[in-house]
Amino acid sequence: MNIPEKTVDHTRSSDTSKSGMQEQYVRKHHQYHHMITSLRLLIFVIFLIIWEAAGRLELIDTFFFSSPSMVISYFFEMLADGSFFTHTGITLLETLISFILITLIAMVTATILWYSKTLSEILEPYLVVLNSLPKSALAPLFIVWLGTGTRTIIVAGISVAIFGSIISLYTGFKSTDPDKLKLIYTLGGNRLNAFFKVVLPASIPTVLSNMKVNIGLALVGVIIGEFLAARRGLGYLIIYGSQVFRLNMVITSIIILCVIAMGLYQGIQYMEHLYKKKK
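Here's a quick rundown of the structure. (Residues numbered from 1 in each chain as written. Predicted model: local features only at pLDDT ≥ 70, side-chain atom pairs only at ≥ 80, totals over all residues. Heavy atoms only, no water.)

Observations concerning the overall build of the protein chain
Part 1 of the argument: Within the protein chain one finds twelve helices and zero strands.
Part 2 of the argument: The C-alpha atoms of the protein chain give 26 Å as radius of gyration, which overshoots the globular expectation for 279 residues (19 Å, by more than 25%).
Part 3 of the argument: Taking the principal axes of the C-alpha coordinates as reference, the protein chain spans close to 90 × 55 × 30 Å.
Part 4 of the argument: Each of the 279 residues in the protein chain was classed as buried or not, and the buried ones make up 33%.
Part 5 of the argument: Considering only intrachain contacts with a sequence separation of at least 6, the fraction spanning at least 24 residues in the protein chain is 72%.
Part 6 of the argument: As presented, the protein chain carries roughly 17800 Å² of accessible surface, and 68% of it is formed by carbon and sulfur atoms. (Helix = DSSP H or I, 4+ residues; strand = E, 2+ residues; numbered from the N terminus. Rg over C-alpha atoms; globule rule 2.2 N^0.38 Å. Buried < 20%, exposed > 50% of the residue type's maximum accessible area, 1.4 Å probe, protein only. Contact = heavy atoms within 4.5 Å. Areas by Shrake-Rupley, 256 points an atom, 1.4 Å probe, with all protein chains shown as cover.)

Below, the structure is given as structure tokens:
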């Protein structure tokens, strides 16, 4: 059967038009993201310029507020004497250990609660109460129970996020499409099959979102622990610097913490991006 040339030409032109529209959309999408990134950097640069200028013009007291040039100078001092790698490495390691333990404990506990409705109804009020406790108030108790050191700091990091993480994951597991669960049970599957075949795959976005929150909370918990029970780490530098009025040390440590938090968050976000891409 011969296809008329006009029809073929029309189909080709239609495909070319669609391809052109897609390329235009992708180009505009990239331009938009480049614009957002540029504006973010511009705001940050303007802030640094105003901060530096205020210090040089003596509008602020650099003894208390420091300045970008003084922070950079102290940062290079940390690099030169190796304290940057020591303190940053310790805080980063404690944060990652806390985060991994939070994720594992929360996943296992939320799975058990989903599997046993009776147990979830018994424990849910306790989880809500424990989640509402001010975690900084628990840190002195951890010191009394566990002493000072890395173990106490990691437990402090876990305590900040663990209860909220369990509640969030359990809520996500419960919100799975009931029709899909019925299908599994109709086909002869048990509750374990339903969890691994339906609940867990459907909850991966919730798990990733939960991880993005937990990585920041773990860092907060570790810093709280380092305030009280450490001789090394960025939290120790912040509390020590404030006690001896070395504000360059304090502000530089805070900026390093911001960079760490952003890097860890971007790492989880990259995992989420890969998941969406594969999906």
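Moving on from the model shown.
Structural notes on helix H6 (residues 135-146)
Part 1 of the argument: With twelve residues, H6 extends 16 Å from end C-alpha to end C-alpha; this agrees with the ideal 16 Å at 1.5 Å per step.
Part 2 of the argument: Among the residues making up H6, those that are buried are Lys 135, Ala 139 and Phe 142. All buried residues of H6 project into a common sector of 75 degrees when viewed along the axis, lining one side.
Part 3 of the argument: Looking at the buried side of H6, the elements it contacts are helix H5 (117-132), helix H7 (150-174) and helix H10 (204-229).
Part 4 of the argument: Gly 147 lies just past H6 and shows a positive phi near 80 degrees. (Expected span 1.5 Å × (residues − 1). Arc of directions from axis to C-beta.)

Some remarks on unusual backbone geometry
Part 1 of the argument: The phi dihedral of Glu 58 falls on the positive side, at around 60 degrees, and the residue is not glycine.
Part 2 of the argument: On the secondary structure map, Glu 58 appears in the loop between helix H1 (5-56) and helix H2 (62-65).
Part 3 of the argument: With a relative accessible area of 69%, Glu 58 lands in the exposed category.
Part 4 of the argument: The phi dihedral of Ser 66 is positive, around 55 degrees, even though this residue is not glycine.
Part 5 of the argument: Position of Ser 66 relative to the elements: it lies in the loop between H2 and helix H3 (68-81).

Considering the side chain of Ser 98
Part 1 of the argument: Looking at where Ser 98 falls in the secondary structure, it is placed in helix H4 (residues 83-115).
Part 2 of the argument: Not counting residues up to four positions away in its chain, the partners in contact with Ser 98 are Ile 154, Gly 157, Ile 158, Ala 218 and Val 222.

Thoughts on the packing of aromatic side chains
Part 1 of the argument: Under the counting rule described, the total for this entry stands at eleven aromatic pairs.
Part 2 of the argument: Residues Phe 84 and Phe 85 carry aromatic rings whose centres are separated by 5.2 Å and whose planes lie at 80 degrees to one another, so their mutual orientation is edge-to-face.
Part 3 of the argument: A ring pair is formed by Trp 114 and Phe 195, whose centres lie 5.5 Å apart and whose planes are at 45 degrees; its orientation type is tilted. Placement of Trp 114 in helix H4 and of Phe 195 in helix H9 (residues 191-202) is noted, with a sequence separation of 81 residues between them. Assigned by exposure class, Trp 114 and Phe 195 land together as buried.
Part 4 of the argument: Ring pairing ties together the aromatic residues Phe 75, Phe 76, Phe 84 and Phe 85, which thus form one cluster.
Part 5 of the argument: Arg 191 extends its terminal NZ or CZ atom over the ring of Trp 114, reaching a point 4.0 Å from the ring centre. (Phe/Tyr/Trp six-rings, centres within 6.5 Å; stacked < 30°, edge-to-face > 60°. Lys NZ or Arg CZ within 6 Å of the ring centre and 35° of its normal.)

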